[in-house]
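# Residue-level structure breakdown
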Amino acid sequence: MPVRYIHVILDNERELLLKAWGSTQAEEGLIRRDLFTEREARTQTEMLYDALSKGVKASVETDLLDPDAECWDDMRAALADVTRERTKRGVSTAEMAAFVLALKYPLFERLRTTVDDSNGKVLIDAVNQFTRLIDSVSLYTTELCISERDKTIRRQQEEMMELASPVVELWDRIVAVPLVGTLDSMRAQEVMENTLSAIVDKKADIVIIDITGVLTVDTQVAQHLIRTAAAVRLMGAEAIISGISPRIAQTMVQLGVDTGEIRTRSSLRMALADAFRQLDTDVISRIAK
Amino acid sequence: MDALGAKVIRKTRLVTAVSEIFRNGLIYGGGALVLIHCHNATRTVWIDCCDDGPGIEDMALALSDGYTSGSGLGRGLGGAKRLADAFEVLSEPGIGTQVRLAGRA
Amino acid sequence: MVDEIMLVAIDENINDSDIVALQDRLAEEVHANNAQGIVIDISALEIVDTFVGRIIAQLAGIGVLMDAPTYLVGMRPAVAMTLVELGMTLPAVKTARNLQHAVTRLRASR
């Protein structure tokens, strides 16, 4: 019985409930006129309402609003559309959930006035079932919002990583990796990965890792540099670390970092000159001296 | 890990770590059982490697680089720990060793 | 064998006993063929753990002892990263980017 009541209300009083849903949203400050026109908001609300109504209708026979049933697929799809559209425009996760929940009270109100139920059993059952359904729907919206955001964060992270560790082809068989800022272990991993794949892609024999823009070199950063150089050598290329400022040289010695057999040069320019010499390349100035 | 869209390097790291651990299980534990579990939501692959060998007496020592009770290089366990994103060893001398490790895609 | 340089290409599907067998055979082959240099190509290997890494280092060691300088070529980026993380930098092994480079260097050193 309870589901039939809900179905009848949703079916007969569409206009009234839509309006009430709208005003609950307004009361809770959920109508974002800055982000939506009234017509858009209205279309979205109607779309969700009709999908919900359809699901309830399909559930009349079993008299059970099972949130996991197939009859809600349409509504989930509609909700996914609305959620994406709204979050894209800056509606928060909490606002999205509250927007869905706002349908509860007008419907309860209508149930109370239309169902003639002396002991309240049917009414409570109806409220129970509808609450469970709407709660699960609002949870679904929340999940959608969060997964959209996770996707954005992951994409941005990847972009940032790529921006932060470019590999530049300086000359035939010479690539440079200019490092800027701080080098945490995740970025150091990324740098090593990009550097090593550049050896394959650009057929590089010499890799110049320039740390002019690196703010501080602690033991960990030094370790990363040494490891990168070791991996470069394993692949059959050679690493030169350039841009070691006097201050960094001092700290590295104080930290007792053993750079071992790694070639280091004070500037990128010196490193490049070195690389040219090793590859037997001459760069001649045509300007008459 | 292919199904999780993992990059080559992530695959190589995890497979190498598992190779180290499994080899330990074979050589020192007299054979090992490997269970692989793929967790889609966190994009992580979990691997359990169990043997019923002699177990590890001194865990800190076993995990340190350069230590070996046999003829290996003594880099297996510590190296695998560095390669994996999560790493856990349970060992009971006389009963066996269980290593659990995870790699994110 | 090309120009007294012995090429050893390690197969993708090589297993532990094969690689140990290779180690046993290498010294004899070097001697029998009077090889002046060895190039070990591991470009087919996707995974190199400490066991295989150690064998490779030993192969190179054998070459050096038999006066046949040994170059390791074709290591994949992911393998290089993983080996370094395992602490295996193979300091005693000479490396080159590819076969051609290794051969050029071997000829130059003669």
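From a predicted model like this one, the values you see are computed outputs, not experimental measurements.

### A word on the overall build of chain B
- The helix and strand inventory of chain B stands at three helices and four strands.
- Classification of the 105 residues of chain B by burial places 39% in the buried group.
- Intrachain contacts of chain B at a sequence separation of at least 6 include 56% that bridge at least 24 residues.
- For chain B, the exposed surface amounts to about 5,500 Å²; the carbon and sulfur share of it is 56%.

### Some thoughts on a negative patch on the surface
- Where like charges cluster on the molecular surface, the negative patch consists of Asp11(C), Glu12(C), Asp18(C) and Glu46(C).
- Here Glu46(C) shows up in the loop between strand 2 (37–41) and helix 2 (50–65).

### Some details on the sheet that holds strand 4 (residues 94–96) of chain C
Residue and element names in this part refer to chain C.
- Read from one edge of the open sheet, four strands run 1-2-3-4, paired in parallel fashion. Looking along the sheet, the strands with just one partner apiece sit at the ends: strand 1 (5–9) and strand 4. Strand-to-strand, the axes of this sheet are offset by a mean angle of 25°, without reference to chain direction.
- Here three bridges tie strand 3 (residues 70–73) to strand 4, and the two strands are oriented parallel to one another. Looking at strand 4, one finds that Val73 is bridged to Ala96.
- Packing against the sheet, helix 2 makes contact with strand 2 and strand 3, and its axis sits at approximately 150° to strand 3.

### Observations concerning unusual backbone geometry
- Unusually for a residue other than glycine, Asp280(A) sits at a positive phi of about 60°.
- Inspection of the secondary structure puts Asp280(A) in the segment after helix 11 (268–278).
- Residue classification places Asp280(A) among the exposed positions, given a relative accessible area of 72%.
- The backbone phi angle of Asp67(C) is positive, close to 60°, even though this residue is not glycine.

### A look at the interface of chain A and chain C
- If you look at the interface, chain A gives 17 residues, while chain C gives 18 residues.
- Summing both partners gives a buried area of about 1,500 Å² for chain A against chain C, and 61% of it is carried by carbon and sulfur.
- Among the residues of chain A in contact with chain C, Arg233(A), Leu234(A) and Met235(A) are the three that bury the most area, contributing 42% of the side total.
- Counting across the chain A and chain C interface gives two salt bridges.
- Note that Asp205(A) is salt-bridged to Arg97(C), the shortest N-O span being 2.7 Å.
- The tally of links between chain A and chain C comes to seven residue pairs in polar contact (both at pLDDT 80 or more).
- Among the elements of the structure, helix 8 (185–201) and helix 9 (219–234) of chain A are those that each provide at least two residues to the side of chain A that touches chain C.
- For the side of chain A that touches chain C, the leading source of residues is helix 8 of chain A, giving seven residues.
- Split by residue class, the side of chain A that touches chain C holds nine nonpolar, three polar and five charged.

### Comments concerning the domain arrangement of chain A
- The assigned domain composition of chain A is domain 1 (2–160) and domain 2 (168–278).
- Computed over C-alpha atoms, the centres of domain 1 of chain A and domain 2 of chain A are 56 Å apart.

### Thoughts on the pairing of strand 4 (residues 96–104) of chain B
All names here are of chain B.
- As judged from the eight bridges shared by strand 2 (residues 44–51) and strand 4, these two strands associate in the antiparallel manner. By the bridge assignment, Val45 is partnered in strand 4 with Gly103.
- Note: strand 3 (residues 86–92) against strand 4, seven bridges, orientation antiparallel. In the strand pairing of strand 4, Val89 is matched with Val99.

### Overview of the interface of chain C and chain B
- Taken together, the contacts link 17 residues of chain C with 17 residues of chain B.
- In this assembly, chain C packs against chain B so that about 1,500 Å² is buried in total across both faces, 59% of it on carbon and sulfur atoms.
- It is Ile47(C), Glu85(C) and Leu86(C) that lose the most area in chain C upon contact with chain B, and together they represent 36% of the buried surface on that side.
- Where chain C meets chain B, there are three salt bridges.
- Its salt-bridge partner being Arg23(B), residue Asp49(C) comes within 2.9 Å of it at the nearest N-O pair.
- Secondary structure elements with two or more residues in the side of chain C that touches chain B: helix 2 and helix 3 (77–85) of chain C.
- Sort the elements by how many residues they give to the side of chain C that touches chain B and helix 3 of chain C lands first, with five residues.

### A look at a nonpolar patch on the surface
All names here are of chain A.
- A cluster of nonpolar side chains, namely Val168, Leu170, Trp171, Leu268 and Val283, defines an oily patch on the protein surface of about 400 Å² accessible area.
- Among the elements that make up the nonpolar patch, the one with the highest residue count is strand 1 (residues 168–171) (three residues).
- In this fold, Trp171 is placed in strand 1.
- For Trp171, a relative accessible area of 41% puts it in the partly exposed group.

### Some thoughts on the nonpolar core
- Core analysis: the largest hydrophobic core is formed by 83 residues, its most contacted members being Leu179(A), Leu196(A), Ile211(A), Phe87(B) and Leu101(B).
- With near-sequence residues (within four places) excluded, Phe87(B) lies in contact with Ile21(B), Leu63(B), Leu77(B), Ala80(B), Lys81(B), Val99(B), Arg100(B) and Leu101(B).
- Counting residues in hydrophobic clusters, the runner-up holds 37 residues, among them Phe99(A), Val100(A), Ala102(A) and Leu107(A).

### Here we look at helix 9 of chain A
Residues and elements named next belong to chain A.
- In this model, helix 9 (16 residues) spans 22 Å end to end at C-alpha, consistent with the 22 Å of a helix rising 1.5 Å per residue.
- Within helix 9, the full set of buried residues consists of Val221, Ala222, His224, Leu225, Thr228, Ala229, Ala230, Ala231, Val232 and Leu234.
- Just beyond helix 9, the residue with positive phi is Gly236, at close to 95°.

### Considering the pattern of salt bridges
- Using the criterion set out here, one finds 27 salt bridges over all chains in the structure.
- Taking the shortest distance from any N to any O, the salt bridge between Arg10(B) and Asp85(B) comes out at 2.8 Å. Of this pair, Arg10(B) sits in helix 1 (residues 8–27) while Asp85(B) sits in the loop between helix 3 (76–83) and strand 3, and the two are 75 residues apart along the sequence.
- Residue class for Asp85(B) comes out partly exposed when judged on its relative accessible area of 32%.
- Members of the salt-bridge network, linked through shared partners, are Arg14(A), Glu15(A), Arg42(A), Glu46(A) and Asp50(A).

Rules used in this analysis
- Residues numbered from 1 in each chain as written.
- Chains lettered and ligands numbered in written order.
- Predicted model: local features only at pLDDT ≥ 70, side-chain atom pairs only at ≥ 80, totals over all residues.
- Heavy atoms only, no water.
- Helix = DSSP H or I, 4+ residues; strand = E, 2+ residues; numbered from the N terminus.
- Buried < 20%, exposed > 50% of the residue type's maximum accessible area, 1.4 Å probe, protein only.
- Contact = heavy atoms within 4.5 Å.
- Areas by Shrake-Rupley, 256 points an atom, 1.4 Å probe, with all protein chains shown as cover.
- Patch = residues over 30% accessible without salt bridge, like charges linked within 9 Å, V, L, I, M, F, W, Y side chains within 5 Å.
- Salt bridge = Lys/Arg side-chain N within 4 Å of Asp/Glu carboxyl O.
- Lys, Arg positive; Asp, Glu negative; His and termini not counted.
- Charge placed at Lys NZ, Arg CZ, Asp CG, Glu CD.
- Pairing = 2+ DSSP bridges.
- Axes fitted to C-alpha atoms, helices over the stretch in contact; angles between N-to-C directions.
- Buried area = accessible area lost by both parts, 1.4 Å probe.
- Polar contact = N/O pair within 3.5 Å; in protein donor to acceptor, adjacent residues only side chain to side chain.
- Nonpolar A, V, L, I, M, F, W, Y, C, P; charged D, E, K, R; others polar.
- Domains from an automatic or database assignment.
- Core = buried A, V, L, I, M, F, W, Y, C linked by side-chain atoms within 4.5 Å.
- Expected span 1.5 Å × (residues − 1).

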